[in-house]
Amino acid sequence: MSIEIEDINYLYNVLYEIMPRRTSNEVLSMDYLTFSAYIGDPNVAPGGWKTIKKLVDNSNINSKSNILDIGSNTGHSSFLLKMLTDAKVIGIDIRNDLVDISKKICDYVDLNVDFICGDIKDMPFENKEFTHIITTGTLAFLSNGHQKALEEMHRVLINNGVVIDTCLYYKIKPPKDVIKRASQKLESELLNYDLNQYKELYERCGFKLFNQVSMSEDNSDVDINKVIDHILYREELLCKEENMPIEEEYKLALKNRLTETLTVFKENENYLSGEILFFQKND
Ligand SMILES: C[S@@+](CC[C@H](N)C(=O)[O-])C[C@H]1O[C@@H](n2cnc3c(N)ncnc32)[C@H](O)[C@@H]1O
């Protein structure tokens, strides 16, 4: 199966359009994950759909595979996996509101993907249900219980099953205040790990690394102002379509929150690098 860039844009637009418009105060106070869905940013793996394609191309996933996407957020990676492989795909996320958004998108785009709300540290699945587990960096977002999550991942995988992690790690040790600012913006205590620490974490929990492929995309030269202009332009289009006036106060709130968030992320990204890691379950 193949996907076209129009398909990806369609997924982004559906996410954007199903989020009801909010007031300027709400834009400033909504939590980070809601905000990122609100601006139509599906919180995808670094490198976007190209990373998911690379992951699939370097794996043995096929239409008979049974994939679990952990920390599925609004479902973007799950949809891409389905479109690229036609495998059976289930996404799990701890936030019911994000799971609901994923289900709504599913109805729009008519893709057969299941989403359930649950904690990856205690998953509602039988032993050895899945051939593959995909995680687009979700371990970094767990405030605690990394070992428990990996034990659960081990339990629900078939013998020799595979975990693929699009792992974002610190290639340079970041100053404490950089991590602190990024964690505050993401509202989650970020894991301050280098690549070896991630590998050791998996290996301690019964997985063996058998392949690794670099995530080529580098976001460090993203022009923040261009991103903001694009989001504001799309906002104006949507409001025009719906005959809703767009107020200056609202535009300013959106611009301020975007500027603050993107500036902190860009600063953090200077210390990050990405690698797609392939682990096999040891029996
Ligand atoms: C960085 S996002 C993952 C991006 C997502 N896979 C995508 O492609 O759009 C991390 C996700 O992990 C979820 N999460 C955090 N802790 C979790 C837990 N204990 N169990 C399940 N999901 C969790 C968050 O709600 C968030 O949606």
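Residues numbered from 1 in each chain as written. Predicted model: local features only at pLDDT ≥ 70, side-chain atom pairs only at ≥ 80, totals over all residues.

S.K.: Can you tell me about the overall build of the protein chain, naming the residues and giving the values?
M.R.: From N to C terminus, the protein chain includes 11 helices and seven strands. In terms of C-alpha radius of gyration, the protein chain reaches 19 Å, essentially the compact-globule figure of 19 Å for 283 residues. Dimensions of the protein chain along its principal axes, counting C-alpha atoms only, are 60 × 45 × 30 Å. Here the protein chain holds 283 residues, and 35% of them are scored as buried. For the protein chain, long-range pairs separated by at least 24 residues make up 79% of all intrachain contacts whose partners lie at least 6 apart in sequence. (Helix = DSSP H or I, 4+ residues; strand = E, 2+ residues; numbered from the N terminus. Rg over C-alpha atoms; globule rule 2.2 N^0.38 Å. Buried ≥ 20, exposed ≤ 12 C-beta atoms within 10 Å, placed from the backbone. Contact = placed C-beta atoms within 7 Å.)

S.K.: Please provide a residue-by-residue account of the packing of helix 8 (residues 176–186) against helix 11 (residues 248–269), values included.
M.R.: Where helix 8 meets helix 11, the axes come as close as 9 Å, and the angle between the chain directions of the two elements is 140°. Taken as axis vectors, helix 8 and helix 11 run oblique relative to one another. Considering only the axes of helix 8 and helix 11, their crossing is left-handed. Across the interface between the two elements, V178, R181, A182 and K185 of helix 8 pack against T261, V264, F265, E267 and N268 of helix 11. (Axes fitted to C-alpha atoms, helices over the stretch in contact; angles between N-to-C directions. Parallel < 35°, antiparallel > 145°, perpendicular 65-115°, else oblique. Left-handed = near helix turned anticlockwise from the far one by under 90°.)

S.K.: Talk me through the pairing of strand 3 (residues 114–117); I want residue IDs and the actual numbers.
M.R.: Across four bridges, the pairing between strand 2 (residues 88–93) and strand 3 is parallel. Looking at strand 3, one finds that G91 is bridged to F115. Handedness of the crossover joining strand 2 and strand 3 through helix 6 (residues 96–109) is recorded here as right-handed. (Pairing = 2+ DSSP bridges. Right-handed = clockwise from strand over helix to strand, strands pointing away.)

S.K.: Pulling in residues and values, what's your account of the sheet that holds strand 6 (residues 207–214)?
M.R.: With respect to topology, seven strands assemble into an open sheet ordered 3-2-1-4-5-7-6, the strand pairing being mixed. Two strands bound the open sheet, and with one partner strand each, they are strand 3 and strand 6. With strand direction ignored, the average angle separating the axes of adjacent strands in the sheet is 20°.

S.K.: Go over the site of the ligand with me, naming the residues and quoting the values.
M.R.: With respect to spatial proximity, 24 residues lie near the ligand, and among them G71, N73, S77, I94 and I120 are the closest. Taken together, the elements giving at least two residues each to the shell around the ligand come down to helix 5 (76–85) and strand 2. (Near = placed C-beta within 6 Å.)

S.K.: An account of the environment of L98 is requested, with residue identities and associated values reported.
M.R.: Topologically, L98 is positioned in helix 6. Distance from L98 to T34, taken between C-alpha atoms, is 8.0 Å for residues 64 residues apart in sequence. With residues near it in sequence (within four places) discarded, L98 still touches L33, N73, T74 and D93.

S.K.: Hey, could you go over unusual backbone geometry for me, with residue numbers and the actual values?
M.R.: A positive phi angle, close to 55°, is found at K128, a residue other than glycine. Tracing the sequence through the fold places K128 in the loop between strand 3 and strand 4 (130–135). Here N160, not a glycine, exhibits a phi torsion of approximately 65°, which is positive. Exposure remark for N160: the 10 C-beta atoms within 10 Å place this residue in the exposed category.

S.K.: Lay out the UniProt feature "domain: Methyltransferase" (unreviewed entry) in the protein chain with the relevant residues and their values.
M.R.: On the UniProt side, "domain: Methyltransferase" (unreviewed entry) is annotated at positions that read residues 67–161 here. As annotated, residues 67–161 comprises 37% helix and 26% strand, and the C-alpha atoms at either end are separated by 10 Å. (UniProt positions renumbered as here; feature names shortened; annotations may be inferred.)

S.K.: Break down the packing of helix 4 (residues 49–57) against helix 5 for me, citing the residues and quoting the values.
M.R.: Running from N to C, helix 4 and helix 5 point in directions that differ by 50°, and their axes come no closer than 10 Å. Classified by the angle between their axes, helix 4 and helix 5 sit oblique to one another. Considering how the two elements wind past one another, helix 4 and helix 5 form a crossing that is right-handed. Contacts between helix 4 and helix 5 involve W49, I52, K53 and V56 on the former and, on the latter, S77, L80, L81, L84 and T85.

S.K.: I'd like a rundown of helix 6, residues and numbers included.
M.R.: The end-to-end C-alpha distance of helix 6 is 20 Å, a good match for the 20 Å that 14 residues give at a rise of 1.5 Å each. Turning to helix 6, its buried residues number three or more, namely L98, V99, I101, S102, I105 and C106. One side of helix 6 carries all its buried residues, which in axial view fall inside an arc of 155°. Across from the buried face of helix 6, at angles greater than 90 degrees, the exposed residues are N96 and D107. Count one or two residues on from helix 6 and you reach D110, which has phi positive near 55°. (Expected span 1.5 Å × (residues − 1). Arc of directions from axis to C-beta.)

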